[in-house]
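This is what each chain is made of:
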Amino acid sequence: MTPPGAPGEGGYGPGVWFLAVGQTLGYACFFYIFAALVLHWQRDTGWDPALLALGPTLAILMAAALAAAVGRAVDLGFGRAALLAGPAVGAAALAVLAMAASPVVYLAAWAGLGVAQALSLYEACFALLVRRYGDRARGAITRVTLVAGLASTLAFPAGNVLDEVWGWRAAVWAAAGAALFGILPLHAAGIRALAPRGAVLLAAPSRGAPLAALRRSAFWLLAGLFAAAGLGHWTVVSFLLPLLDARGVAPGMAVLAASCIGPAQVAGRLALMAWEARIGTVRATVLTMAGFLGGACLLALAGAGAAFVLAFALVQGAAMGVMTILRPVLVAQILGRDGFGAIAGMMHMTGLAATAAAPVFGAVLMRAGGADLLTGAAVALGLVAVGLAQVLRAAVRT
């Protein structure tokens, strides 16, 4: 008899959905809070925009530095501790951010948010799901990302309303409360449901699994693929409004396109959920990388009409949404589940590095050659990603 919450014919049980809602709040509170409140911070503090942007960059770098260690901890059975410590650390960091009156305190708060991201967001959650469900983890990961894709939809209006009524500090205090009284109990409930009495977890990893993965060419192939796709995506997204403005796209249409990228991620995940039994993971990867290439090409044609602008947003967003799911699944399928958390953490470092580098990379390109050079770079990175995906497909076949 299948224990409650264990995978069975009826689905994954409530634990996955508890974690999905927890991840939604986690991304809203620990990640999207910057984009939701940055204009209010500029208005109230008068600090340089570059200083403000350094905050989330520091958080990403902190998360990257901790990714492999957190993954290893999940492998060793400390997933519950990580997913419960993350919201507590995040609540404390948000409390510091709410009281920040100097750049030093502001940056310290973002360093704390980076720790919270590493402990409690996607990679730690995915490692726990792979440890729990093994070969069936892709469906669970898809469900979590499907719900968590709505995090930006929650963060932007909530941050704006709270700021308008009570100010940005109240908005940050509300996020701290959501972390402590929302994310923490949701993660606790999800973990309890995922590991009922009698549930089978994967065995503890071998000590040498991460080093063995580093010696395999497949690790570096996947790392290059994710880095190319991530750098292209985040460079474009970071400068999307200036890029569209340079193509003569009206401001209203540009904002609409930017707003469609988030929902397009959810749509891409829904499509993968509907077709996951018919499309192999590697084939889906090739199609996803082709989506990044197609999005960059559509961006180059954005000045030709609104249809190209909206098509770019839908294709680009859907590709990013699917890649979020494919990354942990590919690691488990190609590199194995032994030491998955540590290996996936090391792999995730390349994606986080690309995210952190994208604004600087884009600024250099815009200064050197404007929108045409940046768009050309995005097309080139798309071609690299497609090429690496094809190499991966050939390697898996052999």
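That block above? That's the structure.
Scoring rules and cut-offs
Residues numbered from 1 in each chain as written. Predicted model: local features only at pLDDT ≥ 70, side-chain atom pairs only at ≥ 80, totals over all residues. Heavy atoms only, no water. Salt bridge = Lys/Arg side-chain N within 4 Å of Asp/Glu carboxyl O. Helix = DSSP H or I, 4+ residues; strand = E, 2+ residues; numbered from the N terminus. Buried < 20%, exposed > 50% of the residue type's maximum accessible area, 1.4 Å probe, protein only. Axes fitted to C-alpha atoms, helices over the stretch in contact; angles between N-to-C directions. Parallel < 35°, antiparallel > 145°, perpendicular 65-115°, else oblique. Left-handed = near helix turned anticlockwise from the far one by under 90°. Contact = heavy atoms within 4.5 Å. Nonpolar A, V, L, I, M, F, W, Y, C, P; charged D, E, K, R; others polar. Polar contact = N/O pair within 3.5 Å; in protein donor to acceptor, adjacent residues only side chain to side chain. 1 Å grid on protein atoms, 1.4 Å probe; cavity = no way out; pocket = protein on both sides within 12 Å on 5 of 7 lines; lining within 4 Å. Points joined across faces, edges and corners; volume = space filled by probe spheres on them.

> Can you explain the pattern of salt bridges? Please cite residues and give values.
Throughout the structure, instances matching the rule amount to two salt bridges. Between Glu123 and Arg327 there is a salt bridge, with the nearest N and O atoms lying 2.6 Å from each other. Separated by 204 residues along the polypeptide, Glu123 in helix α5 (residues 122-133) and Arg327 in helix α14 (residues 306-335) bring together distant segments of the chain. Looking at Glu123, the relative accessible area reads 14%, which means it is buried.

> Go over the packing of helix α3 (residues 49-99) against helix α4 (residues 103-120), please, and point to the residues and values.
Packing of α3 against α4 brings their axes to within 5 Å, and their N-to-C directions diverge by 25 degrees. When the axis of α3 is compared with that of α4, the two are roughly parallel.

> Just give me the short version of the packing of α14 against helix α15 (residues 340-397), but keep the residues and values in it.
Close contact between α14 and α15 brings their axes to 2 Å; oriented N to C, the two are set at 140 degrees. By the angle class used here, α14 and α15 are oblique. Helix-helix and strand crossings are classified by hand; for α14 and α15 the assignment is right-handed. The segment α14 lies against α15, with Arg327, Pro328, Leu330, Val331, Ala332, Ile334 and Leu335 engaging Phe340, Ile343, Ala344, Met347, His348, Leu392 and Val396. Classifying every residue of the contact of α14 with α15 by side-chain character gives twelve nonpolar, one polar and one charged.

> Describe the side chain of Thr324, with residues and values.
Its place among the elements puts Thr324 in helix α14. On the basis of relative accessibility, which here comes to 7%, the residue Thr324 falls in the buried class. A distance of 3.0 Å separates a polar side-chain atom of Thr324 from the backbone oxygen of Met320.

> Let's hear about the environment of Leu314: which residues, and what values?
As for its placement among the helices and strands, Leu314 is situated in helix α14. Distance in space between the C-alpha atoms of Leu314 and Cys260 is 6.6 Å, their sequence separation being 54 residues.

> Provide a residue-level description of empty space enclosed by the protein, including the pertinent values.
Here the structure, examined in full by the defined rule, presents one cavity of 30 Å³ or more. In this model, the largest cavity occupies a volume close to 70 Å³. For the largest cavity, the lining is made up of 13 residues, of which Gly232, His233, Phe292, Gln316 and Ala378 are closest to its centre. Every element with two or more residues in the lining of the largest cavity is listed here: α10 (217-238), α13 (281-300), α14 and α15. Looking at which element gives the most residues to the lining of the largest cavity, the answer is α10, with five residues. Grouping the amino acids of the lining of the largest cavity by side-chain chemistry returns nine nonpolar, four polar and no charged.

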